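Here is what each chain is made of, one letter per residue.
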Amino acid sequence: MLNTYFSLVFDPLAVFFVITILTISIPSFIYSLGYLKGHYSTRKIVLGQFLFGLFVLAMLAVVTAGNIFFFLIVWELMSLSSYFLVIFDTENKKSIEAGTIYMVMAQIGTAFLIAAFLLMYQQSGSFDFYVIKQALVSLPIQQKNILFLLLLVGFGAKAGIVPLHIWLPYAHPQAPSHVSALMSGVMIKTAIYGLIRFVILILGVNALWWGELVIVLACISCLVGILNALTEHDLKTLLAYSSVENIGIILLGVGAAMIFIKLGYPVLAVLAMGAGLYHLFNHAIFKGLLFLGAGSIYNATGSRNIEKLGGLINKIPWTSSYFLLGSMAISALPPLNGFVSEWLTLLVLFLGALTLGGGLKLFFCFSAAILALTGGLTAACFVKAFGITFLGQARSVKVEQAKECGLAMNMGMAILAFLVVILGLGVVFFIKIFGFVAGFVMGVDASLIRFSLNSFVISLPLANNIFLATPQLLLLLLLCAVFAFVLLNLFFGRAKVLLGKTWDCGYYKLTSRNEYTATGFSKPFRLAFSFFLLPYRKLNKVKESFYHVKNFYYETHTTKIFMDYIYRNLLGSTFRLAGSMRGIQTGSINIYLGYIFLTILLLLVFRGIF
Amino acid sequence: MIEIACLAFLSPLLSGIISKIKNNLRFRQGPSIFQPYFNLSKYFSKEEVVSSSCSWLFRLTPYIVFAATLSALLLISFNRVGDLIAVIFLFSLARFFLALAGLDPATTFGGMGSSREMFIASLVEPVAMLSVFAIALSAKTTNLTFIFAQQSMSVPTIMATLALFLVALAETGRIPIDNQETHLELTMIHEAMVLEYSGRSLGLLELAGYFKQVFFFWLISSLILPGFNEPVFLIIKMLVLCLVVAAVEVSLAKMRLFRVVDFLSFAGILSAMAIVALVLGA
């Protein structure tokens, strides 16, 4: 009996996710050894590490569970253990609020999953993945559509697909940084695992619009995520929003794979899924790195608000180099790993547009344009995040005295930073692994697909002469820089450098108050995208006389459309509904007995009909 | 390879020619077309003033920008290393570091320039991608060599090339997006970002700008009348392009920052039309 309930699977997809989880968990754990020490008491550290272990274990169980019953249990265990980690700073009121929002959204997602799983069980009479898979073949298409939508909403709530993303910017910043790294880097990816496992592997792609819907949602997630990140000044909230965007990029690959397999292009499907998985792995690494970096900044300065930081590059040189690498990778700059997977995703969309005709050609081209817009906005966002935080002058005394974090924390970040570079340069090696996993998912023998030309150049299948070689690209970049340096020194002699003051237009003295702020930096974006961000601003001048302004108050923030217009209304109507239901609860035991009698009667009638 | 070396070497000349044409259109004498070379040699031999609040990033950036732009140019002949899409990413590598360097000296000008540059760049990106897609879909590949070798010219490529020309105006900091000649605080974009640079670093950044310009000019002129892509014809086409750019610069005023959105939406619609035309099989 136990065997049927707690079976495990170790197919390539499960193993891939196990490796992803471990790759982020181990550096995060090393980091936590240094991070927790300064902030919490010993008892709390023990509790924290226990919960951390439980969380990792639950995630590992989610991706290896072999039947839906076990899957659901560990899925809830994962939500629960991460909930306790979100509210780890219990004295902080914001943590409790964030935890509640997280829990509500997680439960809404699980409700949809349970509905989907019940449908599956009803059809197959079994919990086992493989039995379900066989039983679902005979399911009529309408029910398959319903099943797909239930799964999409259920896993979408965990993955943070817009409009189900609202919990990410609350929950991720509140957890301790090494947990945020895990939640943003890996936990939301278990939902992608769920989508791949249940929709593509078990249900099978049955309609073209499934893939199209996934791509449309992906594009919306990309734009909404990054626009919110751009106007956000809390470093960890910014990173959480950018996770929404990156889930979008991953889903672009997954959705394209769904379309290709439905239309019968297995090679393209493998490539698209491979691009999606590559970006999934990459995002786990650089987002983990950036969250750990944000933790180190918080550790050194006591602040996560980038408006209060500045000039940290000389104070915490190691953290700043790691953070720079992470920012470069997430902005898809060559030759790092983010560049490789974003390039692959773009090329998948290109090959899709090339192969398919009509409306789908347009569809893929515009998805690529949206991906490009997202890329541009991401670069802007991380120029802001890195530039305002690390460059210029310190904006407070505490930042002035910031110290580099300890060995354990540095180690944790160094491992991930190393991986950022390796996954960028070793693309030929990794594309084969991701291609193999993708081949398993799409049911295609990927060994038949040639990914690489020789040991350094990857060439995309279907010929077309499209090549990319990141090691050579790096070499080219280095050679060009050295070439410039050597030639200049040869012809014009050594560079003469004078140290001077920044040009201040003859002003007395430049202070950090003259620097450009993060709010200022994102202003053009706030105005140009005001139709979505709905910026609010308030000016207040306190005047001494008609001519002389004594004080000047300026306040601006953007509107969280989804929270303020959709979820608050939903919440309000839920409370109103609950309030109106209060009338039937009179407190009289006779009436309650009457209710019970009525319920039984209704159930009997219900059973009689069905 | 020799072709690329010639292109790189002659790239400052383009700016010299454009400025000469501009001056002649305004009935002025103007500096010689070799002025950019004189400027470069002056920058390279002069000493450099670096702000004391700058970090190592500020000193490193000119080399990164130079390397990224030159690599983009070199990809034309090293077609096994990267394609046209990789070129777009290389330009964004250069821009990323330039924008960071703008924030490094802790001045308002630099931050303002970085913010505006990233704003415009992020809007240019989708337009560039759509027109690149339209061109690459006609060529059936994103490989630069094959795109340059394309022989036929169709409605989609004409439209996409036009959109690419508007993109080039934005990417090279030309009127109506930006003005290379101004140092007025309120209007400058690219110049604000590099305001703190001097001497050798400034020279490298200028040279990188010339490389980027020549890349776009070369791409556009080889896409127009693709039957005539012998070096002589290419040079003639590039000179015509210089004339067009100069005429645009003389006859238009710089746009307000938020009018740029309209300008780029027009370019975006143009490139979207190119894709639609491609689907319709024109």
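Residues numbered from 1 in each chain as written. Chains lettered and ligands numbered in written order. Predicted model: local features only at pLDDT ≥ 70, side-chain atom pairs only at ≥ 80, totals over all residues. Heavy atoms only, no water.

### Describing the overall build of chain B
Rule in force here: To qualify as a helix, a DSSP run of H or I must reach at least 4 residues; to qualify as a strand, a run of E must reach at least 2; elements of each kind are numbered from the N terminus. When we talk radius of gyration, it's over C-alpha atoms, and the globule rule is simply 2.2 Å times the number of residues to the 0.38. Relative accessibility thresholds used throughout: buried, under 20% of the residue-type maximum; exposed, over 50%; partly exposed, between the two (1.4 Å probe, protein chains only). Here, residues are in contact when the closest pair of their heavy atoms is within 4.5 Å. Accessible surface area values rest on a Shrake-Rupley calculation with a 1.4 Å probe, where residue burial reflects the displayed protein chains alone. When charges are counted, Lys and Arg are positive and Asp and Glu negative, with His and the chain ends excluded. To locate a charge, the coordinates of NZ of Lys, CZ of Arg, CG of Asp or CD of Glu are taken.
Along the backbone of chain B there are 11 helices and 1 strand. Each helix and strand of chain B, placed in order from N terminus to C terminus, yields the pattern α-α-β-α-α-α-α-α-α-α-α-α. At 18 Å, chain B has a C-alpha radius of gyration in line with the 19 Å of a compact globule built from 282 residues. Projected onto its principal axes, the C-alpha coordinates of chain B cover approximately 60 × 45 × 35 Å. Burial statistics for chain B: of 282 residues in total, 66% are counted as buried. A separation threshold of at least 6 residues defines the contact pool for chain B, and within that pool the share at least 24 residues apart is 77%. With an accessible surface of roughly 10,000 Å², chain B has 70% of that area assigned to carbon and sulfur atoms. A distance of 5 Å separates the average location of the 18 positive side-chain charges in chain B from that of its 17 negative side-chain charges.

### Quick look at the interface of chain A and chain B
Here is the rule we go by: Joining two parts hides part of their accessible area as seen by a 1.4 Å probe, and the buried area is that hidden amount summed over both. Any Lys or Arg side-chain nitrogen located within 4 Å of an Asp or Glu carboxyl oxygen qualifies as a salt bridge. Any residue that is not Ala, Val, Leu, Ile, Met, Phe, Trp, Tyr, Cys, Pro, Asp, Glu, Lys or Arg is counted as polar, Gly included; the first ten are nonpolar and the last four charged. Strand pairing is assigned whenever DSSP detects at least two bridges linking the two strands.
Tallying the contact residues gives 82 residues for chain A and 76 residues for chain B. Summing both partners gives a buried area of about 6,800 Å² for chain A against chain B, and 77% of it is carried by carbon and sulfur. Linking chain A to chain B there are 0 salt bridges. Contributions of two or more residues to the side of chain A that touches chain B are made by helix H13 (317–330), helix H14 (337–355), helix H15 (359–390), strand E2 (467–468), helix H19 (470–492), strand E3 (497–500), helix H20 (518–521) and helix H21 (523–528) of chain A. Per-element tally for the side of chain A that touches chain B: the top contributor is H15(A), with 17 residues. Of the residues contributing to the side of chain A that touches chain B, the split by class is 59 nonpolar, 17 polar and 6 charged. Where E3(A) and strand E1 (residues 48–51) of chain B come together, 4 bridges link them in parallel fashion.

### What to know about the layout of surface pockets
All names here are of chain B. Stated formally: Think of a 1 Å grid over the protein atoms and nothing else: a 1.4 Å probe that fits but is trapped marks a cavity, an open set flanked by protein within 12 Å on at least five of seven lines marks a pocket, and residues with an atom within 4 Å of a point count as lining. Grid points are joined across faces, edges and corners, and a volume is the space filled by probe spheres set on the points.
Considered as a void within the structure, the largest pocket measures approximately 1,100 Å³ in volume. Around the largest pocket, the lining is made up of 46 residues, and of these Gln180, His190, Glu191, Glu206 and Tyr210 lie nearest the centre. Elements with a contribution of two residues or more to the lining of the largest pocket: helix H1 (2–25), helix H2 (35–45), helix H3 (56–74), helix H4 (84–103), helix H5 (108–139), helix H7 (155–171), helix H8 (190–193) and helix H9 (199–223). In terms of residues, the lining of the largest pocket owes the most to one element, H9, which gives 8 residues.

### Points about the nonpolar core
One recurring pattern in soluble globular proteins: nonpolar side chains tend to sit buried together. This is how the line gets drawn: We call a set of buried residues a nonpolar core when its members are Ala, Val, Leu, Ile, Met, Phe, Trp, Tyr or Cys and they connect through side-chain atoms within 4.5 Å of each other.
Residues A:Leu151, A:Trp167, A:Met183, A:Phe198, A:Met273 and B:Phe96 are the most contacted members of the largest nonpolar core, which totals 328 residues. Element by element, the count of residues in this core is highest for helix H12 (residues 266–301) of chain A, at 21 residues. What B:Phe96 contacts, discounting residues up to four positions off in sequence, is A:Leu324, A:Ser327, A:Met328, A:Ser331, A:Leu333, A:Ala379, A:Phe382 and A:Val383. If you look at the next biggest cluster of nonpolar residues, it comprises 5 residues, including A:Tyr516, B:Phe109, B:Met112 and B:Met188.

### Notes on the packing of aromatic side chains
The description of an aromatic ring pair rests on the distance of the ring centres and on the angle between the ring planes. What counts is decided by this rule: We call Phe, Tyr and Trp rings a pair once their centres come within 6.5 Å, taking the six-membered ring for Trp, and we label the pair stacked below 30 degrees between planes, edge-to-face above 60, and tilted otherwise.
Summed over all chains, the structure comprises 52 aromatic pairs over all chains. Taking 4.4 Å as the distance between ring centres and 5° as the angle between the ring planes, the aromatic pair formed by A:Phe148 and A:Trp210 counts as stacked. With A:Phe148 in helix H7 (residues 141–159) and A:Trp210 in helix H10 (residues 208–230), this pair connects stretches of sequence that are 62 residues apart. Look at A:Phe148 and you get buried, because its relative accessible area is 0%. With relative accessibility at 0%, the residue A:Trp210 sits in the buried group. With a centroid separation of 5.4 Å and an interplanar angle of 50°, the aromatic rings of A:Phe492 and B:Phe44 are classed as tilted. With one member in each of two chains, A:Phe492 in helix H19 and B:Phe44 in helix H2 form a pair that bridges those chains. Feature note: the residues A:Phe16, A:Phe17, A:Tyr193, A:Tyr278, A:Phe281, A:Phe429, A:Phe430 and A:Phe434 constitute an aromatic cluster, connected by ring pairs.

### Here we look at the packing of helix H9 (residues 177–203) of chain A against H12(A)
All names here are of chain A. Just so we agree on the cut-off: As a rule, the C-alpha atoms of each element are fitted with a line to give its axis, helices using only the stretch in contact, and angles between N-to-C directions run from 0 to 180 degrees. Angles are sorted into four bins: roughly parallel if under 35 degrees, roughly antiparallel if over 145, roughly perpendicular if 65 to 115, and oblique for all others. By convention the crossing between two helices is left-handed if the near helix lies anticlockwise of the far one by an angle smaller than a right angle, and right-handed if it lies clockwise.
Remark: H9 packs on H12, axes separated minimally by 6 Å, with the N-to-C direction vectors making an angle of 165°. One way to sum up the angle between H9 and H12 is to call them roughly antiparallel. The way H9 lies across H12 gives a crossing that is right-handed. Along its contact with H9, which presents Ser177, His178, Ser180, Ala181, Ser184, Gly185, Lys189, Ile192, Ile196 and Ile200, the element H12 presents Met273, Leu277, Leu280, His283, Ala284, Lys287, Gly288, Phe291, Leu292, Ala294 and Gly295. When grouped by side-chain class, the residues that make up the contact of H9 with H12 number 11 nonpolar, 8 polar and 2 charged.

### Overview of empty space enclosed by the protein
All names here are of chain B. If you walk through the whole model with that rule in mind, you get 6 cavities of 30 Å³ or more. The space that makes up the largest cavity amounts to roughly 140 Å³. Along the wall of the largest cavity there are 15 residues; nearest its centre are Ile88, Phe91, Ala128, Val167 and Phe216. When residues of the lining of the largest cavity are traced back to their parent elements, those giving at least two are H4, H5, H7 and H9. Top element by residues in the lining of the largest cavity is H4. It accounts for 5 residues. Here the residues of the lining of the largest cavity sort into 12 nonpolar, no polar and 3 charged.

### A short note on the state of the cysteines
Heads up, the condition is: Disulfides are defined as cysteine sulfur pairs within 2.5 Å.
Inspection of every chain in the model, using the stated rule, returns 0 disulfides over all chains. Summary of cysteine pairing: A:Cys381 is not part of a disulfide, and the nearest cysteine sulfur, belonging to A:Cys222, is at 13 Å. The structure places no disulfide on A:Cys480, whose sulfur is separated from the nearest cysteine sulfur, that of B:Cys6, by 17 Å. Relative accessible area serves as the criterion here: at 4%, A:Cys480 is assigned to the buried category.

### Things to note about the UniProt feature "transmembrane region" (unreviewed entry) in chain B
All names here are of chain B. Definition in use: UniProt positions are given in the numbering used here, feature names are shortened, and annotations may be inferred rather than shown by experiment.
On the UniProt side, "transmembrane region" (unreviewed entry) is annotated at positions that read residues 56–78, 84–106, 118–139, 151–170, 210–228 and 260–280 here. A distance of 27 Å separates the end C-alpha atoms of residues 151–170, which is 80% helix and 0% strand. Across residues 260–280, helical content stands at 100% and strand content at 0%; the span's end C-alpha atoms are separated by 30 Å.

### Here we look at the packing of H14(A) against H4(B)
Look at H14(A) against H4(B): their axes get within 10 Å of each other, and the N-to-C directions meet at 140°. With respect to their mutual orientation, H14(A) and H4(B) come out oblique. Considering only the axes of H14(A) and H4(B), their crossing is right-handed. Mapping the contact onto sequence places A:Phe339, A:Glu342, A:Trp343, A:Leu346 and A:Leu347 in H14(A) and B:Ile85, B:Ala86 and B:Phe89 in H4(B). Grouping the constituent residues of the contact of H14(A) with H4(B) by class yields 7 nonpolar, no polar and 1 charged.

### So, the pattern of salt bridges
Oppositely charged side chains are able to pair whenever their charged atoms sit close together. Evaluation of the coordinates by the stated rule reveals 12 salt bridges over all chains. Across the pair A:Glu515 and A:Arg395 runs a salt bridge, and its minimum N-O distance is 3.3 Å. Of this pair, A:Glu515 sits in the loop between E3 and H20 while A:Arg395 sits in the loop between H15 and helix H16 (397–400), and the two are 120 residues apart along the sequence. Close ionic contact of B:Glu249 with B:Lys22 constitutes a salt bridge, the shortest N to O distance being 2.9 Å. One end of the pair, B:Glu249, is in helix H10 (residues 231–251); the other, B:Lys22, is in helix H1, with 227 residues separating them in the sequence. Assessed through its relative accessible area of 4%, B:Lys22 is described here as buried. Each member of the salt-bridge network shares a partner with another, and the members are B:Lys22, B:Arg174, B:Glu181 and B:Glu249.

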